[in-house]
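Descriptive analysis of the structure
As a plain string of letters, each chain reads:
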Amino acid sequence: HVWVDATDGKIVSAKPAFWSVDGWVYEENPLDGEVVSVPLVLNEGALRLNGRFVWSSHCIDWTIDPRPFGVRICHDWRQLAKADPQGDFFSPPDEGTLEDLFAEVNAFHHADRFAEWFATEFGLKTPNMQIFTGFPMTNAFFGDFDGNGARDLSFGVTDDGFNFAHDSDVVIHEYGHAIVQQLAGNLSMGADHLGVDWTPGALNEGVADTFALLMHPDGLVGESMSRSSRWDVAIRDLRSDRVCPDDLASQVHTSGQIWGSMAWNLIEDPLVGPDIVQELMVAAVSTWDEDVDWPTAAQSLLDAADQLVRVGWIDADSRDAVEQHVLATG
């Protein structure tokens, strides 16, 4: 933080607000190689993983009902990862155990990195969020795990010993839900005279997947979790086309692949690409509300493309490519 005299431009005083230490993480996930040392940006003087956007912890006492809509609550938590005498966080991966300190560091780094990217690109900062790791649950989620009224990011360990916090796609996906909430509110499910409508939740999942694709453009979300018996290639493989209504299902992650696969096609298209896709996504989602449906979401992308043409950011060929990919999804 620097204080500058408004009349003559001289620096009056300055002091650090954050400091950088190092820690071991996976660049993307355990399938990509060994751990690497990266800078971790922490609050000044922090000896635990407390940062500008997130802070990391371990859930050490929980109640978890694995059934759909079952009770899931963390009763107690601790920040187990702590700095060594040099201030660094060099905890080796100990995947398969609930006491894996590396999970705290890896989740912190990738959530902080994505949050910093989003704040720099779009000027939007989410409230500082807690990260929970180290509990037995084949899931990761954005929700209020400890019941304190504030949403957090939680990464469980599968029943066959694989840690969601070790895969950066999963971390970015869950933080992506926080971005969607800031832009559009709580997109989950609705109902009308025809029954339950999962569309808002499916679009929420599709956009969160898109953020992971933008950070790691390979068409796969959570590929390291394919080591678990639950998935084959990745948690979601978005390289295949999905269309509406053929690929709709009463499950938000499945239906959300329609949006995610369209986003991947846009990212791969040389007339569009990731820089345009990120602008389209944020502009479109910022117009949504809790009643968003598929036609509204599609039109919001086209409206965003039209606006980019008007300001000279893309040309008509790029705009037409966007429309073709939208129409191809049905």
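Preceding block: the structure.
Right, let's walk through the structure included here. (Residues numbered from 1 in each chain as written. Predicted model: local features only at pLDDT ≥ 70, side-chain atom pairs only at ≥ 80, totals over all residues. Heavy atoms only, no water.)

1. Some words on the layout of surface pockets
Cut-off, in case you're wondering: Put plainly, a pocket is an open set of points on a 1 Å grid over the protein atoms alone with protein on both sides within 12 Å along at least five of seven lines, a cavity is a set where a 1.4 Å probe fits but cannot get out, and a lining residue has an atom within 4 Å of a point. Grid points are joined across faces, edges and corners, and a volume is the space filled by probe spheres set on the points. Runs of E in the DSSP output that reach at least two residues are strands. Runs of H or I that reach at least four are helices, and both are numbered from the N terminus. Charged means Asp, Glu, Lys or Arg here, nonpolar means Ala, Val, Leu, Ile, Met, Phe, Trp, Tyr, Cys or Pro, and polar covers whatever is left, Gly included.
Estimates place the volume of the largest pocket at around 1600 Å³. Residue lining of the largest pocket: 42 residues in total, with Arg72, Asn139, Phe141, Glu205 and His253 positioned closest to the centre. For the lining of the largest pocket, the elements supplying multiple residues, two or more each, are β8 (140-143), α2 (168-184), α3 (199-215) and α4 (252-268). Within the lining of the largest pocket, the residues separate by chemical class into 19 nonpolar, 16 polar and seven charged. Cys244, Ile258, Trp259, Met262, Trp294, Pro295, Ala297, Ala298, Val326, Thr329 and Gly330 are the residues that line the second largest pocket. Listed by contribution, the elements that provide at least two residues to the lining of the second largest pocket are α4 and α6 (294-310). Taken together, the residues that form the lining of the second largest pocket break down as nine nonpolar, two polar and no charged.

2. Here we look at helix α1 (residues 101-122)
Stated precisely, the cut-off is as follows: Given the number of residues in a helix, its expected span is that number minus one, multiplied by 1.5 Å. Polar contacts, as counted here, are pairs of nitrogen or oxygen atoms within 3.5 Å of one another; within protein the pair requires one atom able to donate a hydrogen and one able to accept it, and residues that are adjacent in sequence qualify only if both atoms are side-chain atoms.
Taking 1.5 Å of rise per residue, the 22 residues of α1 would be expected to cover 32 Å, and the 32 Å separating its terminal C-alpha atoms lies within 8% of that figure. The residue sitting at the N-terminus of α1 and contributing the capping side-chain oxygen is Asp100; that oxygen lies 3.2 Å from the backbone nitrogen of Phe102. The positive-phi residue at the C-terminal boundary of α1 is Gly123, with phi of around 70 degrees.

3. Some thoughts on the packing of α1 against helix α5 (residues 273-285)
As a reminder of what qualifies: An axis is simply a line fitted to the C-alpha atoms; with a helix, the fit covers only the stretch in contact. Between two such axes, the angle follows the N-to-C directions and lies from 0 to 180 degrees. Orientation categories follow fixed angle ranges, with anything under 35 degrees roughly parallel, anything over 145 roughly antiparallel, 65 to 115 roughly perpendicular, and all other angles oblique. Only heavy atoms enter the contact rule, under which two residues are in contact if any of them lie within 4.5 Å.
At a closest axis distance of 12 Å, the pairing of α1 and α5 adopts a crossing angle of 80 degrees. The orientation of α1 with respect to α5, classified from their angle, is roughly perpendicular. Side by side, α1 and α5 meet where Trp117, Phe118, Glu121 and Phe122 of the first sit next to Gln278, Glu279 and Val282 of the second. Residue composition of the contact of α1 with α5, by class: four nonpolar, one polar and two charged.

4. Observations regarding the side chain of Gln278
Mapped onto the elements, Gln278 comes out in helix α5. Separated by 3.0 Å, the side chains of Gln278 and Glu121 make a polar contact.

5. Let's talk about the side chain of Asn163
By secondary structure assignment, the location of Asn163 is in the loop between β9 (152-157) and α2. For Asn163, the contacting residues outside a window of four places in its chain are Glu95, Asp100, Ala103, Phe155, Gly156, Val157 and Met225.

6. Re α2
Quick note on the threshold: We call a residue buried when its accessible area falls under 20% of the maximum for its residue type, exposed when it is over 50%, and partly exposed in between, using a 1.4 Å probe and counting protein chains only.
The first and last C-alpha atoms of α2 sit 24 Å apart over 17 residues, in line with the 24 Å expected at 1.5 Å per residue. The element α2 is extensively covered by neighbouring structure, given that 15 of its 17 residues are classed as buried. In this structure Asp167 caps α2, since a side-chain oxygen of it lies 3.0 Å from the backbone nitrogen of Asp169. Directly after α2, the chain includes Gly185, whose backbone phi takes a positive value near 95 degrees.

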